[in-house]
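Structural description and commentary
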Amino acid sequence: MKAVPIYSHGAPNVLKYVQDFPAPVPNSSEALIKVKYCGLNHLDIWTRLGVSGIAIGFPHICGSDIVGSLEEEYASIPKGSRVLVYPGISCNDCQTCRKGVETLCRDFSIIGGLSKYNGGYAEYVTVPKTNIVQIPHEISDEQAATLPISYLTAWNIVKKLQLNENDTVLIYGASGGLGMAMIQISKALGIRTISTISDDSKLNFAYDIGSDHVINRKKKEIVLEIDKITRGVGVDAVVDNAGQKTLQTSISSVRRGGKIAICGTTSGGDANFQIRSFYSKQIQLYGILIGSKSELLELIDFVSEKKVSSKIDSVFPLSDVQQAHNKLERGEQLGKILLKI
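Below, the structure is looked at part by part. (Residues numbered from 1 in each chain as written. Predicted model: local features only at pLDDT ≥ 70, side-chain atom pairs only at ≥ 80, totals over all residues. Heavy atoms only, no water.)

**Side note on the packing of aromatic side chains**
Summed over all chains, the structure comprises one aromatic pair. Taking 4.8 Å as the distance between ring centres and 45° as the angle between the ring planes, the aromatic pair formed by Trp 155 and Phe 302 counts as tilted. Of this pair, Trp 155 sits in helix α4 (residues 147-160) while Phe 302 sits in helix α10 (residues 293-306), and the two are 147 residues apart along the sequence. Grouping residues by exposure puts Trp 155 and Phe 302 together as buried. (Phe/Tyr/Trp six-rings, centres within 6.5 Å; stacked < 30°, edge-to-face > 60°. Helix = DSSP H or I, 4+ residues; strand = E, 2+ residues; numbered from the N terminus. Buried < 20%, exposed > 50% of the residue type's maximum accessible area, 1.4 Å probe, protein only.)

Listed below in structure tokens is the structure:
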């Protein structure tokens, strides 16, 4: 089958397009899916580069936002149905899994990420049958391929932080997958958003998807702008997917008793911050991963009801995966980047 395995960690050139990779064979608990689209995420970049202390087997196939057709009937889902894949893998037997919070399982990993499960950069993929979700007719394949990572993470943030109508949230990176998802979901819930961009060419995009205020971080100081917009109060919450370079900005921007969701490390994984300002403002800090499968089902109902429609920046053929990674890594996208298999 056509696939893009990696045989070592490194730059985009480790992504090797091949046409004769062995097709996976499902066991009795797995289903075979013919992949149509796979969305790109920063998780793909981290998996490609490698994370210290986490080993994966090679060859490995990246890609966690998987959409395709079911090759054999499963339960009430007929053969040939359009399906997406819940990307979380867990033991399904521990107390946290039984409670429906499988992301807290000690064995939790993400398909196509730093996991033993290959992902969607291939014509076919095998996944646990319990991870299959049928796509409703009102959601296109392209839209479905944006949901399992970015939008599910955003949905989890809104729930975990208990964000409510008229709350104000600071969101970094309006043009990326998570930034777009947070802005659109927030808008649908009546939550006010302040988003950041790195270039004025992204300004109209940020407003078009629902941002109430947009700050070009290259031209204006974020903390000063937040102070002006909130009249010195600060935002109710910050969605921080950058990490190293933004954590102190997040602490300075949030109000007393506010909340910060840490959900990524695109600017680095080690951060120094002012401890005194953190505890004196009584800030609540949350570590956020993707949500559970039940939350993915909630999200699908929500985007269907509210007609939330993600913006697709570009669709690359599988053979051009290196170019797709380069674009994502440079932050040039306006919305989601997809691979078409």
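Now that the structure has been shown, the text picks up again.
**Comments concerning the packing of α4 against helix α5 (residues 177-189)**
As a packed pair, α4 and α5 sit with axes 8 Å apart at the nearest point and diverge in direction by 50°. Considering the angle they form, α4 stands oblique to α5. Read as a crossing pair, α4 and α5 show a hand that is right-handed. Of the residues in α5, those in contact with Ser 150, Tyr 151, Thr 153, Ala 154, Trp 155, Ile 157 and Val 158 of α4 are Gly 177, Leu 178, Met 180, Ala 181, Met 182, Gln 184, Ile 185 and Leu 189. Grouping the amino acids of the contact of α4 with α5 by side-chain chemistry returns 11 nonpolar, four polar and no charged. (Axes fitted to C-alpha atoms, helices over the stretch in contact; angles between N-to-C directions. Parallel < 35°, antiparallel > 145°, perpendicular 65-115°, else oblique. Left-handed = near helix turned anticlockwise from the far one by under 90°. Contact = heavy atoms within 4.5 Å. Nonpolar A, V, L, I, M, F, W, Y, C, P; charged D, E, K, R; others polar.)

**Quick word on the sheet that holds strand β14 (residues 254-262)**
Strand order across the open sheet formed by six strands is β12-β11-β10-β13-β14-β15, with parallel pairing between neighbours. Edge strands, defined here as strands with exactly one partner in the open sheet, are β12 (213-216) and β15 (284-287). Averaged over neighbouring strand pairs, the angle between their axes works out to 20° when direction is ignored. When strand β11 (residues 192-197) meets β12, the two strands line up parallel, connected through four bridges. (Pairing = 2+ DSSP bridges.)

**Digging into the side chain of Ser 277**
Among the structural elements, Ser 277 can be located in helix α9 (residues 275-280). With relative accessibility at 16%, the residue Ser 277 sits in the buried group. Within polar-contact distance, the side chain of Ser 277 engages the backbone oxygen of Gln 274 at 2.8 Å. Apart from residues lying up to four places away in sequence, Ser 277 is in contact with Gln 248, Ile 251 and Ile 283. (Polar contact = N/O pair within 3.5 Å; in protein donor to acceptor, adjacent residues only side chain to side chain.)

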